[in-house]
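The primary structure of each chain is shown beneath.
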Amino acid sequence: MTSYTDEVARIENGVLEALGTRTSVDDVGRVAVSLLLAQPSEEGASLKPLSPTQHTLFGNGLQVVVSSLLDAALEEGTPAMEYKLSSAAKVPSLRLLLDASLSLALQGVTHGGIPAALLEQVFDSLTVAECEVPFAYLEERLSDFKQPAVRARAALTLQRACNLLIHRLSKSQNSLFAGQLLIFLAKLLPLMERSGVNLQGAFHTENSTPVEDVAEGALDSLGKTVDAEFYGTFWSLQAAFSNPPQAGIEWSETARAVKIVLERLKKDPVTLTEAASGSSISAKYLSGSRLLSLQLRDATFRRHFLVQCLILFQFLEAPHAAKQAWPVLKGRQIEELKALQESVYESLASVPERGPEFAATIRQLLLDESSWAAWKQASCPKEAFERPAAAPPAAAKTTDPLGPPFKRRKPSRDAVFGVTLGTEELDRLWNLTEDNLSGLAAEDRGGFKTVSQLMEPVLGGDGPDPEAPSLSKSTMYSWRTLRMVARVNLRAFVASVQAKGDLQVAARIMYPSRCPEPAGAGTASSGEAQEGGKQEDVEMAEASAAPVASPSAGGGLAASDAGDGEEGRSDADAGLLGAVAEGEAGPETASEDGQIGGGRGPRGDEADSPRTGPSGDERAGSGSPAPGSQAASGEDPSGPAGDAEMEP
């Protein structure tokens, strides 16, 4: 009968041989299991799970192999994770062995404790600097170790290995590596894991800070006399920070010491900012009396102390479980604590280099920590992180979590090219052209209409239009139409503006034959009759976009462009609106004898009465023409004023 030692040696020799000749992880694992079972395993055949006794023997055999690889790497002077048993090997032997054991655990042949135990052995055998390489391997395989088949037996082993490694690290030189280990454990373990929670509320009371006996007249680094009383008060607070329950018992002394330090911090300015120091080492500060005056001027040192105060205040303020015999502040003590807490936040915000942002961040972190502490006080219930599925609303037609099936909206009648965007107006806008790019090359650039086209609904087209009265009174439609009317017929524009934007008034002036005066409105003026004879000229002006005249500041004529330019339109609008607002003259009307005069009333009510004043020639020669009058085409500008537009 083969002894246990012989079995382990046989597994060791067989695995070492496989590591030197094979490169596949599955091949190495299959060879190791076949050596354990003492029977060959066919390639491609599934492996059966090992029994508990076989697990123990297999794990011990692999640990002996790891020891042999570490010793061989040390003798050769090669890093352990880079050592190869043979020059022909493509993968380092130790990495190949760890991958093989992990692969067997994922297949269910062995449990997850074996690869975790091998990594723990590697960490224990290497120096702190050398442990960073196998830890990098561990981070790469984090997703494999989090698989349920592996984590059940590997979690505690890996947690123990990482904690032992953290205890070996230097707090000043290896703080970054320690943080990486803690982050790895946070990713590996579930959120409600209690193993990382300090349920007993133990404090690191052994963390003592030495305080010097300051001789009388001693000088600090700045050449000033050391304040021995303040020096002792400042460093005595470190005992309160390391043992918060004791600080609550001696609250009056603790509060007095914090107030003294805060007053001193207000007097001493910060001369060394955190960015200027450029140090990221988490070190325990020296407590020499000669250094304190310089340390108080350091932004990093000051922030460390103030954050310690806030952590202490939060502990004393939070409620505790009944089983923990910790002091509880009441009444005035709570009010004093609140006031000190706000003073510390103000001092923290005054530290240079984004002080307010730093203080706000610390406030939010402590708020989150209070929720975490409350969960710990309740013995870490799992229900706090497990929320039940939300019930469907009472009025829901279906209990399907995805809700009722989506109903596609019917396409709008304006979606002639099949583009639907949710509303009829968007559908109309995006279906003006087939590809929306050809519209940029169109002459109308999106359907801009001429005056005749805009006035067509008001005129009624070939027959009566039932929408004409509503369009005539529509504010938006009137505004668009009057903008175009002002460019070709100023008189019609002024009359329509005085009628509160009624387009019927402008239509009767510009197109008297198609839009006659309503019954009982009186005899049409001769000026309006002349407008009817000029309808064809108006349409020619629209087609050719010829320059029109706009009133100048002095009431004369100034040529302006009637195209799409904003300058010509703004000049015409400004002149006309100014004339209407000031009420200098109303629209011109024609008298019975054919002469045209400027009416004084807002509607030209005096047009029907005979003129007793000077004639049109005398008015033109004696002064500036009325703001609403202009010379007609082909007539002398100093003669009688014609219509309120200038023909091209």
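This is a predicted model, so every value here is computed, not measured.

Here's the deal with the overall build of the protein
In step 1: Within the protein, the secondary structure is distributed over 27 helices and 4 strands.
In step 2: When burial is assessed residue by residue, the protein has 39% of its 648 residues classed as buried.
In step 3: Taking contacts inside the protein between residues at least 6 apart in sequence as the whole, the part at least 24 apart equals 62%.
In step 4: Accessible area of the protein: about 37600 Å², with a carbon and sulfur share of 54%.

A short note on the packing of helix α22 (residues 490–498) against helix α23 (residues 503–510)
In step 1: In contact at an axis separation of 8 Å, α22 and α23 are set at 150° when each is read in the N-to-C sense. The orientation of α22 with respect to α23, classified from their angle, is roughly antiparallel. For the pair α22 and α23, the sense of crossing is right-handed. Contacts between α22 and α23 involve Arg491, Ala492, Ala495 and Ser496 from the former and Leu503, Val505, Ala506, Ile509 and Met510 from the latter.
In step 2: Its residues placed into classes, the contact of α22 with α23 shows 7 nonpolar, 1 polar and 1 charged.

Side note on the pattern of salt bridges
In step 1: This structure, assessed with the given rule, holds 11 salt bridges.
In step 2: With a closest N to O distance of 2.8 Å, arginine 264 and aspartate 268 form a salt bridge.
In step 3: Residue aspartate 268 is classed as buried on the basis of its relative accessible area, which comes to 14%.
In step 4: Among the salt bridges present, the one from arginine 363 reaches glutamate 342, with a minimum N-O distance of 3.8 Å.

Here's the deal with helix α12 (residues 251–267)
In step 1: For α12, which comprises 17 residues, the first-to-last C-alpha distance of 25 Å matches the rise-based estimate of 24 Å (1.5 Å per residue) to within 8%.
In step 2: Burial in α12 covers these residues: Trp251, Thr254, Ala255, Ala257, Val258, Val261, Leu262 and Leu265. Down the axis, α12 shows its buried residues gathered within 160° of arc, on one side only. Among the exposed residues of α12, those pointing more than 90 degrees away from its buried face are Ser252 and Lys267.
In step 3: The inward-facing, buried residues of α12 contact α10 (228–242), α11 (244–249), α15 (299–317) and α16 (332–349).

Re the nonpolar core
In step 1: The biggest cluster of nonpolar side chains holds 62 residues, and the ones touching the most others in it are Val15, Phe58, Leu94 and Phe145.
In step 2: With residues up to four places along the chain from it excluded, the contact list for phenylalanine 145 reads Leu102, Pro115, Ala116, Leu119, Leu138, Val150, Arg151, Ala154, Leu158 and Leu188.
In step 3: In this structure, Ala240, Leu265, Val307 and Ala359 belong to the second largest nonpolar core, which totals 37 residues.

Description of the packing of aromatic side chains
In step 1: A full pass over the atoms with the stated rule returns 12 aromatic pairs.
In step 2: For the ring pair phenylalanine 135 and phenylalanine 177, a centre distance of 5.5 Å and an interplane angle of 70° mean the geometry is edge-to-face. Here the residue phenylalanine 135 occupies a position in helix α6 (residues 132–140), and phenylalanine 177 occupies one in helix α9 (residues 175–188), the gap between them amounting to 42 residues.
In step 3: Phenylalanine 135 sits in the buried class, given a relative accessible area of 2%.
In step 4: Measuring from ring centre to ring centre gives 6.2 Å for tryptophan 251 and phenylalanine 313, while their planes differ by 80°; the resulting arrangement is edge-to-face. Of the two residues, tryptophan 251 is situated in helix α12 and phenylalanine 313 in helix α15; the sequence distance between them amounts to 62 residues.
In step 5: Put simply, the rings of Phe230, Phe234, Trp235, Phe241, Tyr285, Phe301 and Phe305 pair up and form one aromatic cluster.
In step 6: Here the basic side chain of arginine 363 rests over the ring of tyrosine 345, its NZ or CZ set 3.9 Å away from the ring centre.

Re the packing of α6 against α9
In step 1: One can describe the packing of α6 onto α9 by two numbers: an axis separation of 11 Å at closest approach and a directional angle of 25°. Accordingly, the angle class assigned to the pair α6 and α9 is roughly parallel. Of the two possible hands of crossing, α6 and α9 adopt the one that is left-handed. Side by side, α6 and α9 meet where Glu132, Phe135, Leu138 and Glu139 of the first sit next to Phe177, Gln180, Leu181 and Phe184 of the second.
In step 2: Here the residues of the contact of α6 with α9 sort into 5 nonpolar, 1 polar and 2 charged.

Some remarks on unusual backbone geometry
In step 1: Phi is positive for glutamate 353, which is not a glycine, with a value near 65°.
In step 2: Structurally, glutamate 353 can be placed in the loop between α16 and α17 (355–377).
In step 3: Take glutamate 353: its relative accessible area is 42%, and that puts it in the partly exposed class.
In step 4: Positive phi, normally seen in glycine, also occurs at arginine 354, with a value near 60°.
In step 5: Look at arginine 354 and you get exposed, because its relative accessible area is 63%.

A look at a nonpolar patch on the surface
In step 1: Taken together, Leu421, Leu426, Leu429, Trp430 and Leu432 make up a surface patch of nonpolar side chains, about 450 Å² in accessible area.
In step 2: Structurally, leucine 421 is set in the loop between α17 and α18 (424–430).
In step 3: Classification of leucine 421 as partly exposed rests on a relative accessible area of 42%.

A look at the confidence of the model for the protein
In step 1: Considering every residue of the protein, the mean pLDDT works out to 75; 69% of them sit at 70 or more.
In step 2: Scored below 50 in pLDDT, residues 522–648 makes 161 contacts in the model with residues more than four places away or belonging to other chains.

A few points about the environment of serine 293
In step 1: The topology assignment puts serine 293 in helix α14 (residues 292–295).
In step 2: Taking the C-alpha atoms as reference points, serine 293 and valine 226, separated by 67 residues in sequence, lie 8.4 Å from one another.
In step 3: For serine 293, the side chain forms a polar contact with the side chain of aspartate 220, separated by 3.1 Å.

Digging into the environment of lysine 338
In step 1: Residue position: lysine 338 is located in helix α16.
In step 2: The spatial distance from the C-alpha of lysine 338 to the C-alpha of glutamine 314 is 9.8 Å, given a sequence separation of 24 residues.

Comments concerning the environment of aspartate 99
In step 1: Mapped onto the secondary structure, aspartate 99 falls in helix α4 (residues 93–107).
In step 2: Given a relative accessible area of 14%, aspartate 99 falls into the buried group.
In step 3: The spatial distance from the C-alpha of aspartate 99 to the C-alpha of serine 24 is 9.7 Å, given a sequence separation of 75 residues.
In step 4: When neighbours within four sequence positions are excluded, aspartate 99 is seen to be in contact with Val25, Tyr137 and Arg141.
In step 5: Side-chain polar atoms of aspartate 99 contact the side chain of arginine 141, separated by 3.1 Å.

A look at the side chain of serine 347
In step 1: Structurally, serine 347 is set in helix α16.
In step 2: Residue classification places serine 347 among the buried residues on the basis of a relative accessible area of 13%.
In step 3: Ignoring any residue separated from it by four or fewer positions in sequence, one finds serine 347 in contact with Leu262, Leu265 and Leu306.

Each value, and the rule that gives it
- Residues numbered from 1 in each chain as written.
- Predicted model: local features only at pLDDT ≥ 70, side-chain atom pairs only at ≥ 80, totals over all residues.
- Heavy atoms only, no water.
- Helix = DSSP H or I, 4+ residues; strand = E, 2+ residues; numbered from the N terminus.
- Buried < 20%, exposed > 50% of the residue type's maximum accessible area, 1.4 Å probe, protein only.
- Contact = heavy atoms within 4.5 Å.
- Areas by Shrake-Rupley, 256 points an atom, 1.4 Å probe, with all protein chains shown as cover.
- Axes fitted to C-alpha atoms, helices over the stretch in contact; angles between N-to-C directions.
- Parallel < 35°, antiparallel > 145°, perpendicular 65-115°, else oblique.
- Left-handed = near helix turned anticlockwise from the far one by under 90°.
- Nonpolar A, V, L, I, M, F, W, Y, C, P; charged D, E, K, R; others polar.
- Salt bridge = Lys/Arg side-chain N within 4 Å of Asp/Glu carboxyl O.
- Expected span 1.5 Å × (residues − 1).
- Arc of directions from axis to C-beta.
- Core = buried A, V, L, I, M, F, W, Y, C linked by side-chain atoms within 4.5 Å.
- Phe/Tyr/Trp six-rings, centres within 6.5 Å; stacked < 30°, edge-to-face > 60°.
- Lys NZ or Arg CZ within 6 Å of the ring centre and 35° of its normal.
- Patch = residues over 30% accessible without salt bridge, like charges linked within 9 Å, V, L, I, M, F, W, Y side chains within 5 Å.
- pLDDT = per-residue confidence, 0-100.
- Polar contact = N/O pair within 3.5 Å; in protein donor to acceptor, adjacent residues only side chain to side chain.

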